Amino acid sequence: MRAIAVTGGTGFIGERLIAACREQGIEVRVLTRSPARGRATYSPRAFPHVRIEAWTPGAVGPWVSALAGVDAVVHLAGSPIAGRWSPEFKREILASREIGTRTIVDAIARAEPRPPVFVSASACRFYGPDAETVFSDAADHPPGKDYLAQVCVAWEREAARAETFGVRRVTLRFSIALGMTRRFREVLGRIRPFLGGRIGSGRQWASWVHRDDAVAAILRAIGDATMRGTYNVTAPNPVRMDEATAAFGDAAGSRFRLPVPSFVLEGLLGDGATILLDGQRVIPARLLAAGFSFRFPEIGPAVRDVLAG
C-alpha cells in the first residue's frame, strides 16, 4: 500500500489512522471541509506523508483528482451525533452521511485511475436498540426502526453503489470507540475521582471497541482482498453498562462514583440520550472468522490503556 485518501481525517478515528499510516510509510491525502484545520492538525514537518485537499461533501469538484491513483479511499466523515437532537441537528446527521457518501462514490467513479477499494464507515446502530438479541454480521438481521438505524440504512445504501463501478466495497459498522481525546485529557484530572457511576439502569448492553482495534480493522479491510461487504467492528466481548462504567472507575481509582440517572441524560440530550440509554449486544463474527485478532478484547485492559493516555 502506497497511498490512501481519507475523509474525516481530523476526527477521532481518522487521526489515529493517519498516525498509523505514518508509521507504515503510507501517503495520506486528507479530504477536509476545513483545510486550515487540516494543516493545523498535520503540519508538513511532523506529517510529511500527509497532503491536505479541500473538499465539498455535496458536490464533486477539483478535489476528485486527489483520488486518482490511490490504493483505497477511506470514508469516515460525518457530523457528530452527540448532542441534543433538534430537528435541524438530526437533518445534519443524516445529510452528512447520505449526501457525503454519495458524493465520494460519484468521485470514485470519475477518478482515473479509479481506486480499487472503498472502505466506508457505518455504525452498529444499524440494528436498532434491543435488550436481548445478539446481533452478528454473519446473520441477516433486518435494520432497526429507530432514527439512527434509518440513518445507517441510507448511509450504507450510498456506499454500496461503489460496487457498480467495479470497486471492492467494505462497510465497517463501528460500535462506540474508546480512546483518549484532547478534550477528555483536559478534563480527566477534574473528573477522575467521580468516574464509574451508573448510567441509566446500568443493565443496557454496551458494545464497544478500542480505537486502535478500529484502526487495525480499517487497515485490514484495505489490504485483505477477501474482505467484501459489511463487518461489525466491535470488541468480541460486549458488557452491561454497569461493567463498562465500573471498569472506568476501577482504572481511575475513583472514590465518588456519581450515577447519571436516565432523566438527567434525557433532559440534557432529548432523543440523543438513546446513544447511552438504549443498548445493543453486537459481536464481530465476520472479523473473527477472517482471523482478525483484537488487541483489546476485554473492557478492563481497554479502559486502563485509555486512561493511561
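You'll find the structure just up there.
All values reported here derive from a predicted model rather than from experimental measurement. (Residues numbered from 1 in each chain as written. Predicted model: local features only at pLDDT ≥ 70, side-chain atom pairs only at ≥ 80, totals over all residues. Heavy atoms only, no water.)

**Q** Can you explain the pairing of strand E11 (residues 229–233)? Please cite residues and give values.
**A** Each regular strand shows side chains that alternate between the opposite faces of the sheet. Judged by how many residues are buried, E11 sits mostly within the fold: 5 of 5 residues are covered. For strand E7 (residues 168–174) and E11, the ladder comprises 5 bridges, and the chain directions are parallel. Its bridge partner being in E11, Phe174 is matched across the sheet by Val233. (Buried < 20%, exposed > 50% of the residue type's maximum accessible area, 1.4 Å probe, protein only. Helix = DSSP H or I, 4+ residues; strand = E, 2+ residues; numbered from the N terminus. Pairing = 2+ DSSP bridges.)

**Q** Run through unusual backbone geometry, naming residues and quoting values.
**A** Look at the link from Glu112 to Pro113: it is a cis peptide, with omega at 0°. Note that Pro113 resides in the loop between helix H3 (87–110) and strand E5 (117–123).

**Q** Provide a residue-level description of the pattern of salt bridges, including the pertinent values.
**A** Applying the stated criterion to the full structure yields 17 salt bridges. Where Glu98 meets Arg157, a salt bridge forms, and the shortest distance between an N and an O atom there is 3.4 Å. Within this pair, whereas Glu98 is found in helix H3, its partner Arg157 is found in helix H4 (residues 147–160), the two being separated by 59 residues in sequence. Taking the relative accessible area as the measure of exposure, Glu98 reaches 17% and is therefore buried. With relative accessibility at 46%, the residue Arg157 sits in the partly exposed group. The network of salt bridges with common partners includes Glu98, Arg102, Asp106, Arg157, Glu158 and Arg161. (Salt bridge = Lys/Arg side-chain N within 4 Å of Asp/Glu carboxyl O.)

**Q** Could you give an account of the side chain of Ser175, with specific residues and numbers?
**A** With respect to the secondary-structure elements, Ser175 resides in the loop between E7 and strand E8 (176–178). Owing to a relative accessible area of 10%, Ser175 belongs among the buried residues under this scheme. If we skip the residues at most four places from it in the chain, Ser175 touches Cys124, Ser207, Trp208, Val209, Val233 and Thr234. (Contact = heavy atoms within 4.5 Å.)

**Q** Kindly report on the pairing of E5, identifying the contributing residues and their values.
**A** In terms of burial, E5 is largely enclosed, as 7 of its 7 residues are buried. In the sheet, strand E4 (residues 72–75) pairs with E5 via 3 bridges, with the strands oriented parallel. Directly across from His75, in E5, lies its bridge partner Ser120. The β-α-β motif built from E4, the intervening H3 and the parallel element E5 has right-handed crossover chirality. As judged from the 7 bridges shared by E5 and E7, these two strands associate in the parallel manner. By the bridge assignment for E7, Val117 is matched with Arg168. (Right-handed = clockwise from strand over helix to strand, strands pointing away.)

**Q** A description of the nonpolar core should follow, citing residues and the corresponding values.
**A** Judged by nonpolar contacts, the single largest core of 44 residues is most densely connected at Ile4, Leu17, Val74, Leu76, Phe174 and Ile218. Sort the elements by how many residues they give to this core and helix H6 (residues 211–223) lands first, with 7 residues. Excluding its chain neighbours within four sequence positions, the residues that come into contact with Ile218 are Ile13, Leu17, Val74, Leu76, Leu172 and Phe174. Core analysis: the next-biggest nonpolar cluster, separate from the first, contains 25 residues, Met180, Ala273, Phe296 and Leu307 among them. (Core = buried A, V, L, I, M, F, W, Y, C linked by side-chain atoms within 4.5 Å.)

**Q** Summarise the sheet that holds E4; cite the residues concerned and give the values.
**A** Strand order in the open sheet made by the 7 strands is E3-E2-E1-E4-E5-E7-E11, with parallel pairing throughout. Two strands in the sheet have a free side with no partner beyond their single neighbour: strand E3 (50–54) and E11. The sheet shows a mean angle of 20° between the axes of neighbouring strands, direction not considered. The strands touched by helix H1 (residues 12–24) are strand E1 (3–7), strand E2 (27–32), E3, E4 and E7; relative to E2, the strand with the most contacts, the crossing angle is about 160°. Against the sheet, H6 contacts E1, E4, E5, E7 and E11, and its axis sits at roughly 165° relative to E7. (Axes fitted to C-alpha atoms, helices over the stretch in contact; angles between N-to-C directions.)

**Q** Would you mind going over the packing of aromatic side chains in detail, with residue names and values included?
**A** With the rule as written, the count across this model stands at 7 aromatic pairs. Aromatic side chains Trp55 and Trp63 sit 5.6 Å apart centroid to centroid with 85° between the ring planes, which places their arrangement in the edge-to-face category. For the pair shown, Trp55 and Trp63 are each scored as buried. When the ring of Tyr127 is compared with that of Phe135, the centres are 4.9 Å apart and the planes differ by 10°; the resulting orientation is stacked. Judged on exposure class, the residue Tyr127 and its partner Phe135 are both buried. Taken together, Phe126, Tyr127 and Phe135 form an aromatic cluster joined through their ring pairs. Residue placement shows Lys90 over the ring face of Tyr147; its charged tip is 4.7 Å from the ring centre. The side chain of Arg286 reaches across the aromatic face of Tyr231, ending 4.0 Å from its centre. (Phe/Tyr/Trp six-rings, centres within 6.5 Å; stacked < 30°, edge-to-face > 60°. Lys NZ or Arg CZ within 6 Å of the ring centre and 35° of its normal.)

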